[in-house]
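Examination of the molecular architecture
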Amino acid sequence: MSDTTNQLLSNLNALVTGLFLLTAFGIVAMRQARGCLNLFIVQSLLLAASAALLGLRYQSVDLYGVALVNVISKPVVVPWLLRRTSPAEIYTRREVDQALNIPTALLIALALAILAYFLGLPLLKAVAPEFRGPNVPIGIAGLLLGAFTLTVRREAIPLLIGLLAMENGAFLCGIAVSRNLPLLIELAIATDGLIIVFIMGVLTRTVQKQIGTTAVGELAALKEAPVRSAQREETK
Amino acid sequence: MSVIAILLLPLVAAALVCLPFKKVWASGVTVTSSSAVLVLTARIAWMVSLDKTVVSGLKAGVLKWISVDGLSALILLLIAFIGAAAAIFSVGYMAHGNYKPKKLRLYYANYNLFIFSMLAIPVFSEPTLVWIVVELTTLASALLVSFENTREALEAAWKYVVLSLMGAGFALLGFLLLFAAMQASGSKEAYTWSGLVNAAHSMPPVLLQMAFLLILIGLGTKVGLVPMHTWLPDAHSQAPSPVCALLSGIETSVILYVILRLFPVMQASPNSHAGTWAIVLGLISVGAAAFLLMQVSDYKRMFAFSTIEHMGIILTAVGLGASAANYGAVWQIVSHCVTKSFCFFAAGAVLLSAGTREISAVRGLIRRSPAAGAALVFGALGITGAPPLAVFLSEFSILKAGLAQKHYIATGLLAVFIVIAFFGIMMQVNRMAFGVRENDSDAAVPDDHSGYSGHFTPGNRFHLPFSCSLALILTAVPVLVLGLYIPPPLQGLLSQAAAVLTMK
């Protein structure tokens, strides 16, 4: 493949991964469950695009496989599964009381992204020398931001999206550093993601049925001795 | 071939229990299939102890990654043993709960899937595939943790799933980096545990170390290492007792096994600090758990904290890193598994007879239900390492290996924490079994949500269901015997397992 094409593919990949980072920030900050889900879908498509671009660049069939699996499983099957398993009204819910307000959360997210860059640098030096793409630091940033989402969110659906976004981040980094992961494994990982959605959807529905809320972050009865025994005294 | 049968049996059982027959059907199928799995794994373990690696012999699909060596055979045997014992315990325990038949079928289906996912971890030798089955263990057990559908159980299940999967996200990146390191080493070997060890010396150290740390933290969350342990006491106390026995007794060890698999790889790589990481993280876990043990108000939580303590002990032992310490570590895995599941069966028996999880509400248990009381005391003695029971010997061999390695500070701290945990547990259990209620009118508060109504008046004796007693006796035998005598085949298996961990 000619140098100009390679250059073009690399630039396109840089654009795609840049947008990926933006969606990761968006998931931290977005208040509405539906918005979170949409951002996640966009993110998965960007991951697929990056995989396809890298596949073109390195002539790797396995990477096309990753792209295809991502296009099918996440934007289509995940929302469908969620609709089947969890109550519909939680999509429209706005989450007003996050653990941190949005500007603070975004500032911390920014710090995490910078940290990810420095974590990614030594890794980049270690992998194949021809590769100096943005996938590694941005993938790590996606992973960290997903984990951060889990700590600031309280509603069930954004928490689930945070988990899936972590996996997206790991993959964005993974497709760049390890290019020939067996397709069978890719498929298994994708299936696994769907089982996560299913189980957590079922759990969410049960929580809503039994407790009447989906703000799972507010469940905090299980603690060590003093608090619980004090409650017991009161109820007696 | 029998390896594949081991994996197929629980899956078939999971499908069969969904058939709408009588209540006995689901439990019967589960007990039968887990006993069959136990027999098959015993055969495999026997073959492995005679110095053979068992492979499937098939080259198609995921089956080509099946291989069982000393360490995996040991873990496999433990899963099968605890799985069978917990299935037997479930029969009587779940019948006591008056659940609807549909709910019971759900329980047994999930139970079998959970067993399947755990059995698959040691059987497969491809690291990414192992990561996937680790995820499956979380997902299959989530609905078991939330089984009672109380507010607390749902909270526990939710924390369990979110934190475990969050850890799994980090571990996924770790495994992908491990794969990258394997490719960068230029090795032509297959990407399996043994292939990794052989290629380790030419891997880029930075990739390998990053991968190791991500996996240690990620899977360490699921093992319950402090400070990622917060979900563990919740999940391990809220689930039905047989499930607690599985979660605490074996699941944590199985996940720890995956981490342990990386130690030979790290040792083969120049300039790795895997041992130091393990000792630091292990000692923090042991220490924190030993002190947290003392302030629990719920006896199932107490045993859950003791699991964190024991995971720390095993990790520290592997961190010490000589072949004697590794032997101690695998022995500790065995003794912890059998003893901890016994403890949770005992806790289940106490819950059946007393109807509450509160330590302060259970007094004079030995008079109300001699079987449950005796089991509780025996379990507590076993798990805290009182001589001559199994845990005592394994802990002793770890401490001895630590001193021989001249790790005086680490070994000393370990010994101190173990003693603290001993007093922490024995004090509580002593009061529960032999204590006298201070105020007689202050009758036991039955746990609000559990279906049991065991009001606590001395004189009205409680009789354990037969299957519960049977499971207690089954697990008590190894706790007692392994402290005095290790049969030669097991001895061979233990040495094989320790050899896997030790660099040649």
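Just so you know, the residues in each chain are numbered from 1, in the order the chain's sequence is written. Both sets of labels track the order of writing: A upward for chains, 1 upward for ligands. This being a predicted model, a pLDDT of at least 70 is required before a residue's local features are given, and a value of 80 or more before pairs of side-chain atoms are given or counted; all residues contribute to the totals for chains, interfaces and linings.

**Remarks on the overall build of chain A**
Elements are defined by DSSP. Helices are runs of H or I of four residues or more, strands are runs of E of two residues or more, and each kind is numbered from the N terminus. Along its length, chain A carries eight helices and zero strands. Seen in sequence order, chain A has helices and strands lined up from the N terminus as α-α-α-α-α-α-α-α. Expressed as a percentage of the 236 residues in chain A, the buried residues total 45%. Contacts are defined on C-beta atoms placed from the backbone: any two residues whose C-beta positions lie within 7 Å are in contact. Relative to all contacts within chain A whose residues are 6 or more apart in sequence, the contacts with residues 24 or more apart total 78%. Backbone-placed C-beta atoms define the burial measure: a residue is buried with 20 or more other C-beta atoms within 10 Å of its own, exposed with 12 or fewer, and partly exposed in between.

**Re the overall build of chain B**
On a plain count of helices and strands, chain B comes out with 20 helices and two strands. Within these notes, the globule rule equals 2.2 Å times the number of residues to the 0.38 power, and the radius of gyration is based on C-alpha atoms. Here chain B has a C-alpha radius of gyration of 22 Å; the compact-globule value for 504 residues is 23 Å, and the two agree. The long-range fraction of contacts in chain B, counting pairs at least 24 apart against all pairs at least 6 apart in sequence, stands at 80%.

**Re unusual backbone geometry**
All names here are of chain B. Looking along the chain, the bond that leaves V226 and enters P227 is cis, with omega of 10 degrees. Considering the arrangement of structural elements, one finds P227 in the loop between helix 8 (205–223) and helix 9 (232–238). Of note, the bond from P387 into P388 is cis; its omega dihedral lies within 30 degrees of zero at 0 degrees. Secondary-structure assignment places P388 in the loop between helix 16 (370–384) and helix 17 (390–404). You will see that N149, though not glycine, has its phi angle at about 55 degrees, which is positive. Its location among the elements puts N149 in the loop between helix 5 (127–145) and helix 6 (151–184). Since 16 C-beta atoms lie within 10 Å of it, N149 is described here as partly exposed. The backbone of K406 shows a phi angle near 65 degrees, a positive value even though the residue is not glycine. By secondary structure assignment, the location of K406 is in the loop between helix 17 and helix 18 (408–434).

**Remarks on the nonpolar core**
All names here are of chain B. Counting 284 residues, the largest nonpolar core has L74, L76, A157, L177, A346 and V350 as its most contacted members. In terms of residue count, the dominant contributor to this core is helix 6 (25 residues). Setting aside residues no more than four positions away along its own chain, L76 makes contact with T41, I44, A45, V68, L119, P122 and V123. The term nonpolar core refers to a group of buried residues, namely Ala, Val, Leu, Ile, Met, Phe, Trp, Tyr and Cys, whose C-beta atoms join them within 7 Å.

**Let's talk about helix 20 (residues 488–501) of chain B**
Residue and element names in this part refer to chain B. To estimate the expected span of a helix, subtract one from its residue number and multiply by 1.5 Å. The terminal C-alpha atoms of helix 20 lie 20 Å apart, and with 14 residues this matches the ideal 20 Å at 1.5 Å per residue to within 8%. The complete set of buried residues in helix 20 reads L493, L494, Q496, A497, A498, V500 and L501. The inward-facing, buried residues of helix 20 abut helix 2 (23–49), helix 3 (70–95), helix 10 (241–260), helix 11 (262–268), helix 13 (299–320) and helix 14 (323–354).

**Re the interface of chain A and chain B**
Between chain A and chain B, the residue contacts involve 41 residues of the former and 42 residues of the latter. Those elements that place two or more of their residues in the side of chain A that touches chain B are helix 4 (102–126), helix 5 (135–152), helix 6 (156–177), helix 7 (183–211) and helix 8 (225–235) of chain A. If you tally residues by element for the side of chain A that touches chain B, the top one is helix 7 of chain A, at 14 residues. Tallied by class, residues from the side of chain A that touches chain B come to 30 nonpolar, six polar and five charged. When residues are grouped by polarity, Ala, Val, Leu, Ile, Met, Phe, Trp, Tyr, Cys and Pro land in nonpolar, Asp, Glu, Lys and Arg in charged, and all others, Gly among them, in polar.

**Considerations on helix 3 of chain B**
Residue and element names in this part refer to chain B. The first and last C-alpha atoms of helix 3 sit 38 Å apart over 26 residues, in line with the 38 Å expected at 1.5 Å per residue. Each residue is assigned a bend, namely the angle between axes fitted to the seven residues that terminate at it and the seven residues that start at it. Of all the bends in helix 3, the greatest, near 30 degrees, is centred on F89. Most of helix 3 sits inside the fold, with 25 of its 26 residues counted as buried.

**Details of the confidence of the model for chain B**
Residue and element names in this part refer to chain B. A score between 0 and 100, pLDDT records how confident the predictor is in each residue. On average, residues of chain B carry a pLDDT of 89, and 94% of them reach 70 or more. Element-level mean pLDDT values for chain B span from 70 in strand 1 (residues 54–55) up to 95 in helix 10. Within the model, the stretch residues 440–455 combines pLDDT values under 50 with 34 contacts to residues more than four positions away or in other chains. Among the prediction metrics, the complex's ipTM stands at 0.91, with pTM recorded as 0.92.

**Description of the packing of helix 5 of chain A against helix 6 of chain B**
Packed helices, taken two at a time, are described by the angle between their axes plus the distance between the axes. The convention used is that axes are lines fitted to C-alpha atoms, helices contributing only their stretch in contact, and that angles between N-to-C directions extend from 0 to 180 degrees. With their axes 11 Å apart at the nearest point, helix 5 of chain A and helix 6 of chain B run at an angle of 175 degrees to one another. Taken as axis vectors, helix 5 of chain A and helix 6 of chain B run roughly antiparallel relative to one another. Facing helix 5 of chain A, whose interface residues are L143, G146, A147 and L150 of chain A, helix 6 of chain B presents V162, M166, G169, F170 and L173 of chain B. Looking at the contact of helix 5 of chain A with helix 6 of chain B residue by residue, the classes come out as seven nonpolar, two polar and no charged. Throughout this description, any angle smaller than 35 degrees is read as roughly parallel, any larger than 145 degrees as roughly antiparallel, any in the 65 to 115 degree range as roughly perpendicular, and the remainder as oblique.

**Description of the environment of A49 of chain A**
With respect to the helices and strands, the residue A49 of chain A is situated in helix 2 (residues 33–58). Residues A49 of chain A and L106 of chain A, 57 residues apart in the sequence, show an inter-C-alpha distance of 26 Å.

**Overview of the environment of G373 of chain B**
Residue and element names in this part refer to chain B. Take G373: it is sitting in helix 16. Considered as a pair, G373 and M432 are 59 residues apart in the sequence and their alpha carbons are 8.2 Å apart. With near-sequence residues (within four places) excluded, G373 lies in contact with L365, I366 and A433.

**Re the confidence of the model for chain A**
Interpretation of the predicted coordinates at a detailed level should be avoided for regions scoring low in pLDDT. Overall, the prediction assigns chain A a mean pLDDT of 84, with 90% of residues at 70 or greater. Throughout residues 226–236 of chain A the model reports pLDDT below 50, and contacts reaching past four residues in sequence, or to other chains, amount to five contacts.

**Points about the packing of helix 3 of chain B against helix 10 of chain B**
Residues and elements named next belong to chain B. Direction vectors running N to C along helix 3 and helix 10 enclose 170 degrees, while the axes themselves pass 9 Å from each other. Between helix 3 and helix 10, the crossing angle belongs to the class labelled roughly antiparallel. Residue-level contacts link L71, I75, L78, I79, I82, A86, F89, S90 and Y93 of helix 3 to S241, P242, A245, L246, G249, I250, V254 and Y257 of helix 10. Considering only residue class, the contact of helix 3 with helix 10 consists of 14 nonpolar, three polar and no charged.

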